[in-house]
Amino acid sequence: MNLLELLRQEIKKLPIQNDLIIAKYIYVRTGELFCYNPQWIIATSEELQQIKKQTVDIRNVTSFEIICYSWAQMYQELLQEFGISAKVIHEFCHDYVEFLYNNEIVHADLTKDYYDITFAKFDPSLLQNFYIGSPKRIQSEIQAIDHLLGYERHSLRLSILKQAKRNLQTNFSNNSNEYYSTFFQTVEHMLNFMNQNVDYISGRKYIQYLFHEFLDRTQCSYEIYHVSNHNEHFFAELYLITIKGQTYYFTYQPMNQGAYYFQEVSKGIIDYFFLLPTFNVKQAACKKAMDGNLKRVKC
C-alpha cells in the first residue's frame with residue numbers, strides 16, 4: 001500500500017489544513033492502520049535486535065506491525081513529506097517524535113504504554129500522548145482539532161456502553177451475579193461489534209480499560225494471562241474473574257480469519273491452554289484495589 005499517497009488524498013479533503021491539523025490527522029490515521037508487533041513481547045534478545053531494525057516504506061507498506069522505533073521513523077518521514085520539520089527523540093528503550101508549531105514543542109508518542117495506538121482505533125477523543133508543551137496544559141487547540149475532524153463522535157461508543165451499564169443497574173441488583181453475568185455479555189457484544197479488525201495488543205489494552213472503568217473492584221477480582229505460541233504467531237488472553245466466590249472465564253483470541261473476539265468460555269477451555277506444552281502462558285501483574293486497599297495482584 002502507498003501510505004503517503006493515501007494520506008495525501010485524504011488530507012486534501014480536510015475542511016481546514018495547517019501543520020497541527022495535518023500532524024494530528026496522520027497521528028490518528030497511523031494508529032488506526034498499524035498495530036503493535038506482539039512478537040516484541042516474547043522475542044529473544046537476538047530477535048529484538050532484528051525487530052528494531054525493521055522500518056516502514058511509506059510508499060510501499062508490506063507489513064502493518066510496528067514498534068516505537070519504526071513508528072517514530074515513519075511518522076517523522078510522513079510529516080516531512082507534508083512540509084513539517086520533525087525529529088525523533090531517543091530515550092532509553094523508546095522513541096517518539098517532536099516538532100514545532102507556533103514556536104511551541106508538539107509531543108507525539110503513539111506507542112507509549114500501547115495507549116494511543118489502541119484508542120486511535122476505538123475512541124480518538126481519548127488520546128493522551130499528542131499534546132502541545134506539557135500534558136498538564138489545557139489543550140484547547142487539540143480539542144478544537146478533534147472537534148473539526150469529528151473524533152468526538154467516537155465517544156458515543158463509550159456512552160453506549162455506559163448506558164448499557166445503567167440499564168443493567170435498573171434491571172438487576174447492583175453487584176449481584178445476574179448483574180455481572182449480563183454485564184459481561186453486554187461487554188462481549190459491544191467489544192466484538194467495535195473490534196472486528198483490531199489487533200491483539202490494542203484489543204487486550206481496551207479490555208483492561210473496560211474492566212477498570214466498569215467493574216466494581218471492591219466486589220470482584222480477576223487474573224489475566226498472556227498466551228503465546230512463538231512458532232505459529234499465536235497470541236491470546238485468558239481472563240479469570242471471581243465475583244462473590246463464582247469464577248467466570250473469558251478469552252480474547254483469534255477466531256474467524258484471524259479476527260480477535262472476546263467471549264465467555266468454559267473452564268475446560270482455560271485448562272486447555274495451561275496443559276498443552278505448545279503454549280507459553282504468562283500471568284500479568286498490575287495494581288488493583290481490593291476491599292478498599294491497593295494491593296499487588298495478578299491481573
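Below, the structure is looked at part by part. Residue indices begin from 1 for each chain and proceed along its sequence in written order. Selection of residues for local features in this predicted model requires a pLDDT of at least 70, selection of side-chain atom pairs for listing and counting requires 80 or more, and totals for whole chains, interfaces and linings are taken over all residues. The side-chain numbers reported here are obtained from all heavy atoms of the structure, hydrogens and water having been left aside.

## Comments concerning the overall build of the protein
Link 1 in the chain: Summing up its helical and strand segments, the protein has 11 helices and 13 strands in all.
Link 2 in the chain: Accessibility here uses a 1.4 Å probe with only protein chains present; expressed as a share of the type maximum, an area under 20% marks a residue as buried, one over 50% as exposed, and anything in between as partly exposed. Buried positions account for 49% of the 299 residues belonging to the protein.
Link 3 in the chain: Once local pairs closer than 6 in sequence are excluded, the contacts in the protein between residues at least 24 apart make up 58%.
Link 4 in the chain: The Shrake-Rupley method, run with a 1.4 Å probe, gives the accessible areas here. Residue values count only the displayed protein chains as cover. A total of about 15000 Å² of accessible surface is found on the protein, and carbon and sulfur atoms cover 48% of it. Starting at the N terminus, helices and strands are each numbered in turn, a helix being any DSSP run of H or I of at least four residues and a strand any DSSP run of E of at least two. Pairs of residues are marked as contacts when any of their non-hydrogen atoms sit within 4.5 Å.

## Re the pairing of strand β9 (residues 246–254)
Side-chain positions along a regular strand alternate between the two faces of the sheet.
Link 1 in the chain: DSSP bridges decide pairing: two strands pair if at least two such bridges lie between them. In terms of strand pairing, strand β8 (residues 234–243) meets β9 through 7 bridges, oriented antiparallel. Residue pairing for β9: Leu240 is matched across the bridge by Tyr249.
Link 2 in the chain: What sits between the antiparallel neighbours β8 and β9 is a turn of 2 residues, in which Lys244 has the positive phi angle 50 degrees.
Link 3 in the chain: The pairing of β9 with strand β10 (residues 260–264) spans 5 bridges and is classified as antiparallel. Bridge pairing in β10 links Thr251 to Gln263.

## Here's the deal with the pattern of salt bridges
Should the charged atoms of two oppositely charged side chains come close, the side chains can pair.
Link 1 in the chain: Salt bridges, as used here, are contacts in which a Lys or Arg side-chain nitrogen is within 4 Å of a carboxyl oxygen on Asp or Glu. All chains considered together, the criterion is met by 10 salt bridges.
Link 2 in the chain: Here Arg8 makes a salt bridge to Glu81, at a shortest N to O gap of 3.3 Å. With a gap of 73 residues between them, Arg8 in helix α1 (residues 3–12) and Glu81 in helix α5 (residues 68–81) connect regions that are remote in the sequence.
Link 3 in the chain: Looking at Arg8, the relative accessible area reads 33%, which means it is partly exposed.
Link 4 in the chain: Notably, a salt bridge pairs Glu81 with Arg59, separated by 3.0 Å at the nearest N-O pair. Of this pair, Glu81 sits in helix α5 while Arg59 sits in the loop between α4 (45–52) and β2 (65–66); the two residues are 22 residues apart in sequence, bridging distant segments of the chain.
Link 5 in the chain: When its relative accessible area of 31% is taken as the criterion, Glu81 is described as partly exposed.
Link 6 in the chain: When salt bridges with common partners are traced through the structure, they connect Arg8, Arg59 and Glu81 into a single cluster.

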